[in-house]
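An overview of the molecular structure
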Amino acid sequence: MQCPNCEKEYNEGSICPNCKVDPVLYAGTVRLSDKLYNKGLSKLNNSDLTQGIELLNRSVSVNKNNVPARNLLGLALFEIGYVGEALKHWVVSQSLLKENNPASHYVEEARKNSRALEDLNDAALKYNQALTYLKQKSDDLAIIQLKRAVELNPKFVDALNLLALCHLIQNDREKAAAASERVLAIDIQNPVALNYLSILTPNRARTELRKPQGRITGRKESASGSGKTASFTRPVPVTEKKQRSFRLDIILAFVIGAACSFAVVYVLLFPALHRQNESQIQTYRDRLSDARDARDEDARQHEATMEEMNSNLEEMRQSLDEWEALYDIQDRMIRFQHIENLYRDGQLLEAINRLDELDMTDMSLEIASRADAIRASAYPVLSTQFMNEGIAAFNANDFYKALVDLEMAVRFMTEDSPRPAAFLMALGRLYTEDETRHAEARELFEELQARFPNHMPLTRNQYIARLTDLD
């Protein structure tokens, strides 16, 4: 027998002695991964990026060596702006398949278009800055950053959703609806955008998508000139010096008269000048005092304004917290309504899975009662369905599917659920092959012996003996 994992030949046992892999479980894992890949591809072809990415992530988690799923997941993530995640998956894909791998082409194209990568990186940085602004309650600054991010990457779904939320905070319903419509034009089943539109436009169809208008930017140029100035000097005339004679008595009389005049002026004008200076000084003092009073009054008004602004800010924060709580309740109500629609459409397993993921905290008693009713109705149907499918798969030697279906049947069983002999025998034999579940296998065989003593007693006793030897 050839191992499907390491491709080595072996003759004995159900486990490959080289890589320790169960071929049956490995083949089932590969089939499940391929099935999820096909579903994800179908979703992406229908522009349902959210569900497509989720299915491809599940495909890769089931089979980490699924190269097509990794490549497609990288393309989907690159489409919505997650460049780093896309490159990570492509690099891992290259390590798994060296030759004829499209991931090598994708990485090479990304390296060639460095300018486009820089734009996408700048868009991500502006988105993170917008998140910081929004946490600081600065939604205006967040909107500016988000608009720039969307200009750099028009398909940045998370940035468009956050832009719609900012417009909702500012109660600009038209712009919020336009942003959500742009998201749905890219990802038709984006849950965040659908939720915003259900709040904004509950009774009308989607608004027509608006085409972004181009911006015309202009640049003004200014010119400056320089002028030259010229200075001209006149020649100083030179006069002839004439000899003059002065009398000493006339000079003394002039000096004495000037001194007397200065003394008279000083005695008469100094008190007046002093009074004038005192008056000006007092005027300056009064002006300084008035300026100080005005400054103190401005400081008091500024302090009062700041207190009022802080009070308004606190009220806005409380209002935002209340709005966020209301939004959370409404979001969970919408998700529950979707679960009920799935239940009514007969998609019982999908309805139960989503109901298990839904947080029922602070939900009304009516909603809790409706949820219990869904479980009470769906559990018996799902338990019987998976039990029959598991027994049929076991009889057909499809042990991987049998194990998955029978464990799903156990999940939906209640205390009153039937546990037929074929179910107990099949699940007990499957658990026997797993050394970590021998205790559960023994319980199933003991229950089979107690309730159905005549059902395949020889086979049952052989498995009980085998479990005893293994223990």
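Summary of the structure given here.

Let's shift gears to unusual backbone geometry. We note that Asn 100 has phi near 55°; this positive angle belongs to a residue other than glycine. Owing to a relative accessible area of 76%, Asn 100 belongs among the exposed residues under this scheme. You will see that Met 456, though not glycine, has its phi angle at about 45°, which is positive. By the element assignment, Met 456 lies in the loop between helix H16 (438-451) and helix H17 (457-470).

Looking at where Glu 389 falls in the secondary structure, it is placed in helix H13 (residues 365-395). Residue class for Glu 389 comes out partly exposed when judged on its relative accessible area of 31%. Residues Glu 389 and Ala 409, 20 residues apart in the sequence, show an inter-C-alpha distance of 9.4 Å. In this structure Glu 389 touches Lys 401 and Asp 405, once residues within four positions along its chain are discounted.

With that out of the way, let us pick up the side chain of Asn 195. Mapping Asn 195 onto the fold places it in helix H10 (residues 191-200). Taking relative accessible area as the criterion, Asn 195 reaches 2% and is therefore assigned buried. Every residue in contact with Asn 195, bar those within four places of it in the chain, is listed here: Tyr 327, Asp 331 and Ile 334.

One pass over the structure, following the stated rule, counts nine aromatic pairs. With 6.2 Å between their ring centres and 40° between their planes, Tyr 196 and Tyr 327 make a pair best called tilted. Remark: Tyr 327 occurs in helix H11 (residues 248-344) and Tyr 196 occurs in helix H10; sequence separation between them is 131 residues. Plain terms: the ring middles of Tyr 379 and Phe 412 are 5.3 Å apart, the flat faces sit at 65° to each other, and that makes the pair edge-to-face. In this pair, Tyr 379 is assigned in helix H13 and Phe 412 in the loop between helix H14 (399-411) and helix H15 (421-432), connecting sequence segments 33 residues apart. By relative accessible area, Phe 412 is classed as buried at 0%. Connected via pairs of aromatic rings, a cluster forms that spans Phe 78, Trp 90 and Tyr 106.

Cut-off values and rules
Residues numbered from 1 in each chain as written. Predicted model: local features only at pLDDT ≥ 70, side-chain atom pairs only at ≥ 80, totals over all residues. Heavy atoms only, no water. Buried < 20%, exposed > 50% of the residue type's maximum accessible area, 1.4 Å probe, protein only. Helix = DSSP H or I, 4+ residues; strand = E, 2+ residues; numbered from the N terminus. Contact = heavy atoms within 4.5 Å. Phe/Tyr/Trp six-rings, centres within 6.5 Å; stacked < 30°, edge-to-face > 60°.

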